[in-house]
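# A look at the structure
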Amino acid sequence: MGVSKRTLQQWKSSGKFTAHVDECGIEFFYTKELLAVPEVKEMIESCWDEEMKTTPLRPYTSIELFAGAGGLALGMSKAGFHHVMLNEVDHDACQTLMKNRPDWHVAEGDVRKLNFGAYKGKVDLITGGFPCQAFSYAGNKGGFEDTRGTLFFELARAVKEVRPKVFLGENVKGLASHDGGRTLEVIRNAIAELGYTLIPPRVLQAIKYQVPQKRERLILVAIRNDLFCQNDFQWPSPYHRVMTLKDALFAGELFPTDVVPGAGQQYPEKKRRVMEQVPMGGYWKDLPLDVQKEYMGNSFHLEGGKTGMARRLSLFEPSLTLTCAPAQKQTERCHPTETRPLTVREYARIQTFPDEWQFTGNMASQYKQIGNAVPVNLAYAIGRALIRLLNNIERRQPDSSERNE
């Protein structure tokens, strides 16, 4: 839940909460005893089960830009959206989309070359996980024109041409504080110029939404001004518990079967000998001192925890955020009980892709596609929240599409 080990130790030593020990010697707190912790109280009192019953009043249509391997698109589809078009520039990712959903209209290529005029007034939602290039702030208004040259501008241009009821953007959580908040302010002003109102952005932790991974994404939801007075958008409720790597790799709530063996990277023998000495949940500081110094080299003397180096995941915790490669020295993602990087399928399960979702391209490309994706279950939860919003708009203004000019 993002609580530091130091805080946990303080809870224990101060007697604020009582620590218990299981048969394996692992210390833990009972959830029911942590109701004073807001994040825990939120999970206990969650409306997840009720929200799972969400269904669209009518078929809602959507366009997705920067679709990647389909994590966001699949979650939105599960929630009830019908994609009329998805755009992606990466060839392998496009092949992945078409292989798994041949009925989806995938427009491969540079988004700058797309014209969205044919969809004007015909689409309820536009989504996009736009890459966040630096904004130049060349203009003075800090609005739509000042985003030109960035891929957010292309998302904004699509919104301007289509005029959907709602649009959603997602990005790394660092966007919220980038350049002292100026980048987000430019985006906010651009959204206002388009005739939309931005809901106060929120960083969502994937672990709260049935995703066994400590991934965080900044979510932007904007509603067209003529519909905003009807806004009662509610962020999705969290799931009742946090999923762990064990939930991803073995049969249970997330998957009906254990993960099947599959293709994946392997360690060179020298690195394998180092990694096999790291305990489950441990990292380079758990190695013998002489091995630490040899493995870390000059980094051994630098400040900072460097906790991603020589890191072995734990079955009993969510995975660390997946990167585009599982064996990078700075962001190691070693299997919890075997001395090897996570396989492609294990990567996909941690991102909550279903086992039948297949990835195309070489192994490096597949890892990259999965590592860049929005976790499917997180997207599904957000999608249900958007369906509820559109349902409310539909109930209150059933002919709103006629005023889509």
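Reading the values: rules and limits
Residues numbered from 1 in each chain as written. Predicted model: local features only at pLDDT ≥ 70, side-chain atom pairs only at ≥ 80, totals over all residues. Heavy atoms only, no water. 1 Å grid on protein atoms, 1.4 Å probe; cavity = no way out; pocket = protein on both sides within 12 Å on 5 of 7 lines; lining within 4 Å. Points joined across faces, edges and corners; volume = space filled by probe spheres on them. Nonpolar A, V, L, I, M, F, W, Y, C, P; charged D, E, K, R; others polar. Buried < 20%, exposed > 50% of the residue type's maximum accessible area, 1.4 Å probe, protein only. Helix = DSSP H or I, 4+ residues; strand = E, 2+ residues; numbered from the N terminus. Arc of directions from axis to C-beta. Contact = heavy atoms within 4.5 Å. Patch = residues over 30% accessible without salt bridge, like charges linked within 9 Å, V, L, I, M, F, W, Y side chains within 5 Å. Areas by Shrake-Rupley, 256 points an atom, 1.4 Å probe, with all protein chains shown as cover. Salt bridge = Lys/Arg side-chain N within 4 Å of Asp/Glu carboxyl O. pLDDT = per-residue confidence, 0-100. Core = buried A, V, L, I, M, F, W, Y, C linked by side-chain atoms within 4.5 Å.

### Considerations on empty space enclosed by the protein
Here the structure, examined in full by the defined rule, presents one cavity of 30 Å³ or more. Taken as a whole, the largest cavity holds about 50 Å³ of empty space. As for the largest cavity, its lining consists of K214, G281, R311, R312, L313, S314, E317, P318 and L320. Of the residues in the lining of the largest cavity, the class split is three nonpolar, two polar and four charged.

### Some points on helix α11 (residues 289–296)
By the burial criterion, the buried members of α11 are V291, Q292, Y295 and M296. Seen along its axis, α11 keeps its buried residues to an arc of 110°; they face one direction. Those residues of α11 that are exposed and aimed more than 90 degrees away from the buried face are D290 and E294. The secondary structure elements touched by the buried residues of α11 are α10 (269–275).

### So, a nonpolar patch on the surface
On the surface, I26, M280 and F316 cluster together to form a nonpolar patch covering roughly 270 Å² of accessible area. As for its placement among the helices and strands, I26 is situated in the loop between β1 (20–21) and β2 (27–28).

### Details of unusual backbone geometry
The phi dihedral of A310 falls on the positive side, at around 50°, and the residue is not glycine. As for its position among the elements, A310 is in the loop between α11 and β12 (319–320). Positive phi values are uncommon outside glycine, yet T352 reaches one of about 60°. By the secondary structure assignment, T352 is in the loop between α12 (344–350) and α13 (363–371).

### Quick notes on the confidence of the model for the chain
Where the model shows low pLDDT, its predicted coordinates should not be examined in detail. The share of residues in the chain with pLDDT of 70 or more is 93%, and the mean pLDDT across the chain is 90. Predicted confidence is poor over residues 400–405, with pLDDT under 50, and the contacts of this stretch with residues over four places away or in other chains come to 14 contacts.

### Considering the nonpolar core
V221 and L386 are the most contacted members of the largest nonpolar core, which totals 36 residues. Within the residue set of this core, elements represented by two or more residues are α4 (71–79), β7 (166–172), β11 (216–224) and α14 (376–396). Membership of the second largest hydrophobic core comes to 30 residues, among which are F116, A158, A190 and Y196.

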